[in-house]
Amino acid sequence: MNDKTKNRWSWVEVDLAAIRHNINAAKQAIGRNTRLLAVVKANAYGHGAVEVAKTAVKCGAAYLGIATVNEGIELREAGIDQNILLLSQPPETAIPDLVNFNIMPSIYTPEFAIQYAEYADKKQKKAPYHLVINTGMNRIGVRYNEVLDFLKQTSFHRSLERMGTFTHFATADCEETLDFKRQYSNFCEAIDAMRASNFDPGIVHCANSAALFRYPETHFDMVRLGISLYGCYPCKEVEPLVDLKQAMSVKAKITDERILGVGEGVSYEMNYRARGAVKICTIPVGYADGLRRAFSSKIDFIYKGIKFPQVGNICMDQCMFEIDMNSAYAQENLDAQIGEEVIVMGSQGEACVSLEDLAAIAGTNTYEIACGFSRRMPIVYA
Ligand SMILES: *Cc1c(COP(=O)(O)O)cnc(C)c1O
């Protein structure tokens, strides 16, 4: 038995071969002269930052992208020495950690840039950074037509080193392309203005997964591969363009089972009642494990290659599913027992429950569902 599952029968399984496959698919799409940044923020979208980062670096990722300084420290403490780009500007109190752990920030205020440079100078180090440009998403960044002001206010500082310049698209995964085109042209305008005034932008990058596959003109010097690194399609438009493999599955083992008679209820509020002879099996996965309560009675689990309906309200730590004892299949083949494996999310044979399926049921995106599962369940690498 895997050591990580010895105390509880539920876990997240991550297929590193799928991650390698997806990186190679992205590399095929971008060609040889474009670098790849692997986005491993939020514990690699729930897949485990250290293992995913090591895999990505082995497959040729030139950069790792993170969202918090502590995520960068975790990678450094695991011995990863690749370029790390923090995809935001942290509070100024984080500057010592940036310098000590060699984490490049994304910068958009001159005040932060100067303080960062002065601290690095004191430590006799350089202050490498990427400049963020706001081209229309209106989240972070120097406005695209005010970039020269920022540069004039900061360029005197000798330790500041602009390693790259980037923006982020708000709608690269949307059907409608007008807003994307506007952001793209604003970005080109800003980069051209920098070059015209002899400010080297360094590595120019803007593509997330959706832009990488849909819009080759966005590749520039580097692309930032996030959700598709993990095998999800950012939108239906990308499906015909690339073959991705979903890396994550969620598995559990049956912890209890019983046969109910007609009318007996299951779980809090008993809003499910048996319509006939059914077997109810319990697994140790609940909404505190990322299996959202809103999924109750709307999802299927896979047991022995067949889908069975989850029934009753999903509890914090456990939930139940049903095997209809009157179905021909159940009578011939199934006698579910404690200790047998169940797939909560993933595939087996022809049966599949994907992150996309769960996201659609919850009315959210695959990113949010993927992030949730490993907050409490351990990650096992296959
Ligand atoms: C999260 C993030 C990405 C990755 O986006 P995907 O849609 O997951 O590919 C890229 N760039 C920035 C700035 C991000 O914050």
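Predicted, not measured: the structure shown is a model, and the values here were computed from it. (Residues numbered from 1 in each chain as written. Predicted model: local features only at pLDDT ≥ 70, side-chain atom pairs only at ≥ 80, totals over all residues. Heavy atoms only, no water.)

Considering the layout of surface pockets
Taken as a whole, the largest pocket encloses approximately 610 Å³ of empty space. Lining the largest pocket are 34 residues, with Lys41, Arg139, His168, Phe169 and Asn208 sitting closest to its centre. Put simply, the parts of the chain that give the lining of the largest pocket at least two residues each are helix H2 (41-46), strand S6 (127-134), helix H9 (209-214) and strand S10 (222-225). Of the residues in the lining of the largest pocket, the class split is 18 nonpolar, twelve polar and four charged. Taken as a whole, the second largest pocket encloses approximately 200 Å³ of empty space. (1 Å grid on protein atoms, 1.4 Å probe; cavity = no way out; pocket = protein on both sides within 12 Å on 5 of 7 lines; lining within 4 Å. Points joined across faces, edges and corners; volume = space filled by probe spheres on them. Helix = DSSP H or I, 4+ residues; strand = E, 2+ residues; numbered from the N terminus. Nonpolar A, V, L, I, M, F, W, Y, C, P; charged D, E, K, R; others polar.)

Looking at the packing of helix H7 (residues 147-154) against helix H8 (residues 178-196)
Remark: H7 packs on H8, axes separated minimally by 9 Å, with the N-to-C direction vectors making an angle of 40°. Taken together, the axes of H7 and H8 are oblique relative to one another. For the pair H7 and H8, the sense of crossing is right-handed. Mapping the contact onto sequence places Val147, Leu148 and Leu151 in H7 and Ala190, Ala193 and Met194 in H8. Each residue belonging to the contact of H7 with H8 can be placed in one class, and the counts come to six nonpolar, no polar and no charged. (Axes fitted to C-alpha atoms, helices over the stretch in contact; angles between N-to-C directions. Parallel < 35°, antiparallel > 145°, perpendicular 65-115°, else oblique. Left-handed = near helix turned anticlockwise from the far one by under 90°. Contact = heavy atoms within 4.5 Å.)

So, the site of the ligand
Surveying the vicinity of the ligand reveals the residues Val39, Lys41, Tyr45, Leu87, Arg139, His168, Asn208, Ser209, Arg224, Gly226, Ile227 and Tyr367. One of the backbone N or O atoms of Ile227 is found 2.7 Å from an oxygen atom in the ligand. Protein chains bury 93% of the 390 Å² of accessible surface belonging to the ligand in isolation. More than half of the atoms of the ligand fall within 2 Å of the grid points belonging to the largest pocket. For the shell around the ligand, the residue count by class is five nonpolar, four polar and three charged. (Near = heavy atom within 4 Å. Polar contact = N/O pair within 3.5 Å; in protein donor to acceptor, adjacent residues only side chain to side chain. Areas by Shrake-Rupley, 256 points an atom, 1.4 Å probe, with all protein chains shown as cover. Sits in = over half its atoms within 2 Å of the grid points.)

Here's the deal with the pattern of salt bridges
The tally for this structure, following the rule as stated, stands at 16 salt bridges. The closest approach of N and O atoms between Asp289 and Arg376, which form a salt bridge, is 2.9 Å. Of this pair, Asp289 sits in the loop between strand S15 (278-283) and strand S16 (300-303) while Arg376 sits in the loop between helix H12 (366-373) and strand S21 (379-381); the two residues are 87 residues apart in sequence, bridging distant segments of the chain. Residue classification places Asp289 among the buried residues on the basis of a relative accessible area of 0%. Residue Arg376 is classed as partly exposed on the basis of its relative accessible area, which comes to 38%. A salt bridge links Asp317 to Arg376, with the nearest nitrogen and oxygen atoms 2.8 Å apart. On the criterion of sequence distance, the pair formed by Asp317 in the loop between strand S17 (306-311) and strand S18 (319-324) and Arg376 in the loop between H12 and S21 is long-range, its members being 59 residues apart. When its relative accessible area of 32% is taken as the criterion, Asp317 is described as partly exposed. A single network of salt bridges, built from pairs that share partners, joins Arg8, Asp289, Asp317 and Arg376. (Salt bridge = Lys/Arg side-chain N within 4 Å of Asp/Glu carboxyl O. Buried < 20%, exposed > 50% of the residue type's maximum accessible area, 1.4 Å probe, protein only.)

Everything listed here is a matter of coordinates, which is why it stays silent on function.
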